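# Secondary and tertiary structure notes
One letter stands for each residue in the lines below.
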Amino acid sequence: VTVDPTGRFLYASNEDSQDITSYRIQDGLFVEGPFEAIAPGNPQELRFLARGDRAYSAMADSNILVPYSVDPLTGALTPIPPGRGTGARPEAIELHPSGRWAYVAVSDSGSGSGHVAFYNVVQATGSLQGQVQVFPGLNPVDLRVEPRGRFLYVLNQGGDDLAIVAVNIFEVWGQFTGTARRDAFLARKDPPFHVVGDGEKVAALFEGVTRIPTLLV
C-alpha cells in the first residue's frame with residue numbers, strides 16, 4: 001500500500017489480479033475509485049516522483065520496471081511505454097530525492113547473486129533510460145535513499161546484511177585532502193555517477209568515514 005506525495009491518493013499493488021488499484025481519499029475516507037491500472041507480472045510497491053505526476057513499480061515476475069502517469073484529479077494510473085528490463089526478479093524500486101535517478105533491487109541476476117540497477121529518469125516524460133549495475137551484496141530485495149540523497153541503503157537477503165552505497169562522488173579527488181575531501185563529498189547534492197574499482201574502500205577515500213562498503217556510485 002502506498003500514498004502519493006500529495007496525500008490525496010491511495011494505491012494497492014495486487015499480485016493475483018496483476019494490477020494496481022487506486023483511490024482518491026479525503027479526511028481518511030475513500031471518496032472516489034477504485035481505478036485499476038494494468039501491472040503484468042506481480043507488481044511491487046509504487047514509488048513516486050516528488051512532484052507526484054509520475055509513479056513506478058517493479059514487476060517481479062516479468063522482470064520489467066513500469067513507469068505510470070498519474071491523473072491529477074482522480075489519481076488513476078496510465079502506463080508509460082516502454083517499460084525497462086531489469087534482470088531476474090526485481091523486488092523493489094527507489095527514487096532519488098532529486099527525481100533524476102531510479103534504483104531497483106534485482107534479487108537474482110543471471111549469476112544468481114543479484115544486483116542493484118540504476119536508471120536515468122527523463123524529466124519531460126518520466127521514462128527511464130540506461131542501466132548501470134552495481135553489486136553491493138547477495139540477492140538484494142529492498143532499498144532506500146536517505147532524504148539528502150547521499151546514501152543508498154540496500155537489504156541483501158542472501159547475505160542477511162545491509163549495505164550502504166554512496167550515491168555521489170566528487171570527480172577531482174586531487175583538489176582535496178583529509179576532512180576537506182570528505183566534507184566536499186557530503187556537501188554534494190547533484191553529482192554524476194562514477195563506479196570506483198572493486199576493493200577500493202570508501203573509508204580509505206574519505207578517511208574519517210567508516211562502515212561504508214566497497215562500491216561507490
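Residues numbered from 1 in each chain as written. Predicted model: local features only at pLDDT ≥ 70, side-chain atom pairs only at ≥ 80, totals over all residues. Heavy atoms only, no water.

### Quick look at the overall build of the chain
Regarding its fold elements, the chain presents 2 helices and 16 strands. The burial tally for the chain puts 47% of its 217 residues in the buried class. A total accessible area of about 10200 Å² is found for the chain, and carbon and sulfur atoms account for 53% of it. (Helix = DSSP H or I, 4+ residues; strand = E, 2+ residues; numbered from the N terminus. Buried < 20%, exposed > 50% of the residue type's maximum accessible area, 1.4 Å probe, protein only. Areas by Shrake-Rupley, 256 points an atom, 1.4 Å probe, with all protein chains shown as cover.)

### Here's the deal with the packing of aromatic side chains
In this description, a pair of aromatic rings is defined by centroid distance and the angle of the planes. Taken as a whole and judged by the stated rule, the model has 3 aromatic pairs. Between tyrosine 11 and phenylalanine 48, the aromatic rings sit 5.2 Å apart at their centres with planes inclined by 50°, giving tilted as the arrangement. Note that tyrosine 11 is positioned in strand β2 (residues 9-14) and phenylalanine 48 in strand β5 (residues 47-48), a separation of 37 residues in sequence. The residues tyrosine 11 and phenylalanine 48 share a single accessibility class, namely buried. (Phe/Tyr/Trp six-rings, centres within 6.5 Å; stacked < 30°, edge-to-face > 60°.)

### Some thoughts on the pairing of strand β15 (residues 151-156)
By the bridge criterion, 5 bridges tie strand β14 (residues 140-145) to β15 in an arrangement that is antiparallel. From the neighbouring strand, proline 140 faces β15, where its bridge partner is asparagine 156. Hairpin connection from β14 to β15: 5 residues lie between these consecutive antiparallel strands, with glycine 149 at a positive phi of about 80°. As paired strands, β15 and strand β16 (residues 161-166) are joined by 6 bridges and run antiparallel to one another. When the sheet's bridge partners are listed, leucine 155 is paired in β16 with leucine 162. Between β15 and β16, which pair antiparallel in sequence order, lie 4 residues; one of them, aspartate 160, sits at a positive phi of approximately 50°. (Pairing = 2+ DSSP bridges.)

### Here we look at the sheet that holds strand β13 (residues 128-134)
Here we have 4 strands laid out as an open sheet, ordered β10-β11-β12-β13, and antiparallel in their pairing. If you trace the sheet from one side to the other, it starts and ends with β10 (90-95) and β13, each paired once. In this sheet, neighbouring strand axes are inclined to one another by 25° on average, regardless of whether the strands run parallel or antiparallel. In terms of strand pairing, strand β11 (residues 101-106) meets strand β12 (residues 115-121) through 6 bridges, oriented antiparallel. Each bridged residue has a counterpart across the sheet, and for alanine 102 the counterpart in β12 is tyrosine 119. (Axes fitted to C-alpha atoms, helices over the stretch in contact; angles between N-to-C directions.)

### What to know about the pattern of salt bridges
Inspection of the entire model under this criterion finds 8 salt bridges. Where arginine 51 meets aspartate 53, a salt bridge forms, and the shortest distance between an N and an O atom there is 2.5 Å. Given the relative accessible area of 42%, arginine 51 is considered partly exposed. It is possible to trace a salt-bridge network through shared partners that takes in Glu45, Arg47 and Glu94. (Salt bridge = Lys/Arg side-chain N within 4 Å of Asp/Glu carboxyl O.)

### A word on the environment of alanine 12
Here alanine 12 shows up in strand β2. Its relative accessible area of 22% is what places alanine 12 among the partly exposed residues. A C-alpha to C-alpha distance of 8.4 Å links alanine 12 and leucine 46, two positions 34 residues apart in sequence. When residues no more than four places from it in sequence are discounted, the contact partners of alanine 12 are Asp19, Ile20 and Thr21. (Contact = heavy atoms within 4.5 Å.)

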